[in-house]
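Structural features, examined
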Amino acid sequence: MPSNGAQTGLRDDGDTAVLRSPGSGDQAGAKVGGGRLRRAGSRRTGNSNAGITPYLLLLPALVVIIVFIVYPSIDEILISFQRLNAFELIGHVTRWVGFANYQSILSSQTFWDVFGRTVVFTAANVVLIMGGGTLIGLLLNKLGGKMRFVLSLTMVFAWAVPVAAATTVYQWLFDEQTGVVDWLFAKAGFHGMAHYDWMSNEYTAFAVVVLCIVWQSIPFVAFNVYAGLTTISGELYEAARLDGAGPFRIFRSVIFPMLRPLFFGTIFLEIIWVFGALNQVLLITGGNPVGKTDTLPVYAYLTGVGQQSYGMGAAIAVVTIVMLCVLMSFYFRIILKQEDEL
Amino acid sequence: MLAVFFIFPVYWMIATAFTPAGDLFSKTPAFFPLHPTLAHFKAATHVLDFSDFWINSLTATVGAVLLSLVIALMASVAVARMRFRGRKTFILMIMIAQMAPWAVLQIAVYMIVRNDNMLNEILPLLLFYMAMILPFTIWTLRNFVGAIPKELEESALIDGCNRVQAFWRIIFPLLAPGLMATSLFGFITAWGEYPLVVVLMNETQHETLALWLTSFQTQFGNDWGATMAAATLFALPVLVLFIIMQRRAVGGLTAGAVKG
């Protein structure tokens, strides 16, 4: 909900304030989450007797979701119970194998390695993104107009570069022959790094991928946090400071509680995005060194499309979705609870 | 320092694209293209079916964005403005749909499209891109719709507008920033999409720019100059869109995406 101050970054005019509903002016301090704004009003009546209209309005969206998301998902589940390799694919043969694909996946060490790696990978990225994004958001709030403009503009560029282009740029930056990063390391005195092959082991390969993802994701979080910060009135900081709170304490006791819905929402999106990040990993490392940088989506892709074991790939995909849902289930509850408060 | 961290890769992409091949492999990296050249752009663009790639990418992306905007607008009005049974179920469904792992659904997508004999056609690509960006578009738009005070709509009704007029004259103009922000996000997603187009298109002239971009790394070894020129051209439409919409869109996207 674009409450006031939502015009982040580049310019600082508060013209969205017009959008604020007249009745909510008295809660000026507490309109951080959209939910709060309306809960107090509790205008549950409104258009409640709309009859069939809402369903008509939802119909196209439902059709799209069912035809283009639910149907392929069911198909994917069906495929996961089949043996479907290149031969069956070309010949249009359907061979059911029951739970065989699942059995071989769940009993394979590789899968569990990949699973663990994916969880660590996601956690590391999300922590870095949220930490970096929050700090930069706080910084944006502190900076003067000119500096804020410059920093925002550079972040917009990082954000706007399409993933496919960003991955090629990162490969070029970290190229072992002529990459500028190796050159900088050598210049800084680490001569061993002069022609370092970043793709030679999984840790440095992942470092490049993580850097690429974090670089592209921080702007979104930073702008969000900054937008949220502009809705907190200065008096709150003032009061906290008078009570003797340091910067860290202010963040923990004032900023975080006020922006809680915003943090939850952002973390939710980032987890989904990072967990499902296929392009960055696939295009930068290609899963190399052999199988060491696979995350679950990459593993499913390489198994399914790469090795043409479509049934196995589908089964991995299904397990991936189930795991993501389990990991996220507590999140659903939080967000649905916020929904109640609307 | 932070600004450098964010801008350097972008700068490096553009600078490399203009640097002559000889300078690219010198001992010291050329931090500024002293002898700017367009050779890499020529190399990158003189490929078979280049204009087709643009047309394909633009058709699929713009079509997907417009369609999803219309559909999402209807749905978000319903979700944000009306109370009805199944509303929460719908929201939960959108959240789950947002998690759809497209990267791994492609096997099923491929089978469906193939069985409908639609491989190498732009329409399925467009439709799946639309489905891909729809959940986020609804998710974001409904917050924008919810932010518009009901009183405005009601006073329009009192002044003699009917529902449809009230929507077009009052709500729609106020939604403009939200629509721009969400379309921008959809554009970025669909524009850079890679895994689906790989499996759905197996004839060169039906490919999109995203595939063209990655082709320089395999075809000619690693032709970094051409790759960076291609990446620059590829990023250009998005950067231009961003700059046009920057003021509203950047704030708008973040504002709509995560609140409440």
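Residues numbered from 1 in each chain as written. Chains lettered and ligands numbered in written order. Predicted model: local features only at pLDDT ≥ 70, side-chain atom pairs only at ≥ 80, totals over all residues.

In terms of regular secondary structure, chain B is built from 12 helices and 0 strands. When the helices and strands of chain B are listed from N to C terminus, the series reads α-α-α-α-α-α-α-α-α-α-α-α. Here chain B holds 260 residues, and 50% of them are scored as buried. Of the contacts made within chain B by residues no fewer than 6 positions apart, 78% connect residues no fewer than 24 positions apart. (Helix = DSSP H or I, 4+ residues; strand = E, 2+ residues; numbered from the N terminus. Buried ≥ 20, exposed ≤ 12 C-beta atoms within 10 Å, placed from the backbone. Contact = placed C-beta atoms within 7 Å.)

Moving on, we come to the overall build of chain A. Of the regular secondary structure elements, chain A holds 15 helices and 0 strands. Sequence-distant contacts, at least 24 apart, represent 64% of the contacts inside chain A between residues at least 6 apart.

All names here are of chain A. When pLDDT is averaged across chain A, the result is 77; 82% of the residues are at 70 or more. At the level of individual helices and strands, chain A shows its lowest average pLDDT in helix α1 (residues 34-41), which scores 39, and its highest in helix α5 (residues 109-142), which scores 92. Taken together, the stretch residues 1-48 has pLDDT below 50 and engages in 102 contacts with residues farther than four places along the chain or on a different chain. (pLDDT = per-residue confidence, 0-100.)

Moving on, we get to the packing of helix α7 (residues 163-173) of chain A against helix α9 (residues 202-229) of chain A. All names here are of chain A. Between α7 and α9, the shortest axis-to-axis distance is 10 Å and the interhelical angle comes to 135 degrees. Viewed along their axes, α7 and α9 adopt a mutual orientation that is oblique. The handedness of the crossing between α7 and α9 comes out as right-handed. Between α7 and α9, the residues in contact are Ala166, Thr167 and Tyr170 and Val208, Cys212 and Gln216, respectively. For the contact of α7 with α9, the residue count by class is 4 nonpolar, 2 polar and no charged. (Axes fitted to C-alpha atoms, helices over the stretch in contact; angles between N-to-C directions. Parallel < 35°, antiparallel > 145°, perpendicular 65-115°, else oblique. Left-handed = near helix turned anticlockwise from the far one by under 90°. Nonpolar A, V, L, I, M, F, W, Y, C, P; charged D, E, K, R; others polar.)

So, about the domain arrangement of chain B. Residue and element names in this part refer to chain B. Under the domain assignment, chain B is made up of domain 1 (1-37) and domain 2 (50-258). Taken together, the contacts link 7 residues of domain 1 with 6 residues of domain 2. Listed by contribution, the elements that provide at least two residues to the side of domain 1 that touches domain 2 are α1 (2-18) and α2 (21-24). The leading source of residues in the side of domain 1 that touches domain 2 is α1, at 4 residues. (Domains from an automatic or database assignment.)

This part is about unusual backbone geometry. All names here are of chain B. One non-glycine residue with positive phi stands out, namely Asn117, at about 55 degrees. Residue position: Asn117 is located in the loop between α6 (102-115) and α7 (122-147). On the neighbour-count criterion, Asn117 (8 C-beta atoms within 10 Å) is exposed. Unlike most non-glycine residues, Asn120 shows phi in positive territory, near 65 degrees. Secondary-structure assignment places Asn120 in the loop between α6 and α7. With 15 C-beta atoms packed within 10 Å, Asn120 lands in the partly exposed category.

To continue, consider the environment of Val109(B). Mapped onto the elements of the fold, Val109(B) is located in helix α6. For Val109(B), a count of 23 C-beta atoms within 10 Å translates into the label buried. In sequence terms Val109(B) and Phe128(B) are 19 residues apart; their C-alpha atoms lie 8.6 Å from each other. Setting aside residues no more than four positions away along its own chain, Val109(B) makes contact with Pro72(A), Phe128(B) and Leu196(B).

On to the packing of helix α5 (residues 87-98) of chain B against α7(B), then. Residues and elements named next belong to chain B. The contact between α5 and α7 brings their axes to 8 Å, and the two run at 135 degrees. Considering the angle they form, α5 stands oblique to α7. Crossing geometry of α5 relative to α7 is assigned as left-handed. From α5, Ile94, Ala97 and Gln98 reach across to α7, where they touch Pro135, Phe136, Ile138 and Trp139. Considering only residue class, the contact of α5 with α7 consists of 6 nonpolar, 1 polar and no charged.

Residues and elements named next belong to chain B. Overall, the predicted model of chain B reaches an average pLDDT of 79, with 85% of residues at or above 70. No element of chain B has a lower mean pLDDT than α2, which averages 65, and none a higher one than helix α4 (residues 50-81), which averages 89. Both scores are given for the predicted complex: the pTM is 0.78, the ipTM 0.79.

Once that is clear, we can look at the environment of Met228(B). Locating Met228(B) in the fold gives a position in helix α12 (residues 224-258). We classify Met228(B) as buried; it has 27 C-beta atoms within 10 Å. The spacing of Met228(B) and Ala44(B) is 184 residues in sequence and 9.0 Å in space, taken between C-alpha atoms. For Met228(B), the contacting residues outside a window of four places in its chain are Trp172(A), Met13(B), Thr16(B), Ala17(B) and His40(B).

Moving on: α6(B). All names here are of chain B. Helix length check: α6, at 14 residues, gives a terminal C-alpha distance of 19 Å against a target of 20 Å (1.5 Å per residue), a fit within 8%. Of all the bends in α6, the greatest measures close to 35 degrees and is centred on Ala108. Of all the 14 residues making up α6, 11 are buried; the element is thus mostly covered by neighbouring parts of the structure. Along α6, the positions that sit buried rather than exposed are Trp102, Ala103, Val104, Leu105, Gln106, Ile107, Ala108, Val109, Tyr110, Met111 and Val113. Directly beyond the C-terminal end of α6, a positive phi value near 55 degrees is found at Asn117. (Expected span 1.5 Å × (residues − 1). Bend = angle between axes of the 7 residues up to and from the residue.)

This brings us to the environment of Ile96(B). For Ile96(B), the position within the fold is in helix α5. The sequence separation of Ile96(B) and Arg169(B) amounts to 73 residues, and the corresponding C-alpha distance is 34 Å.

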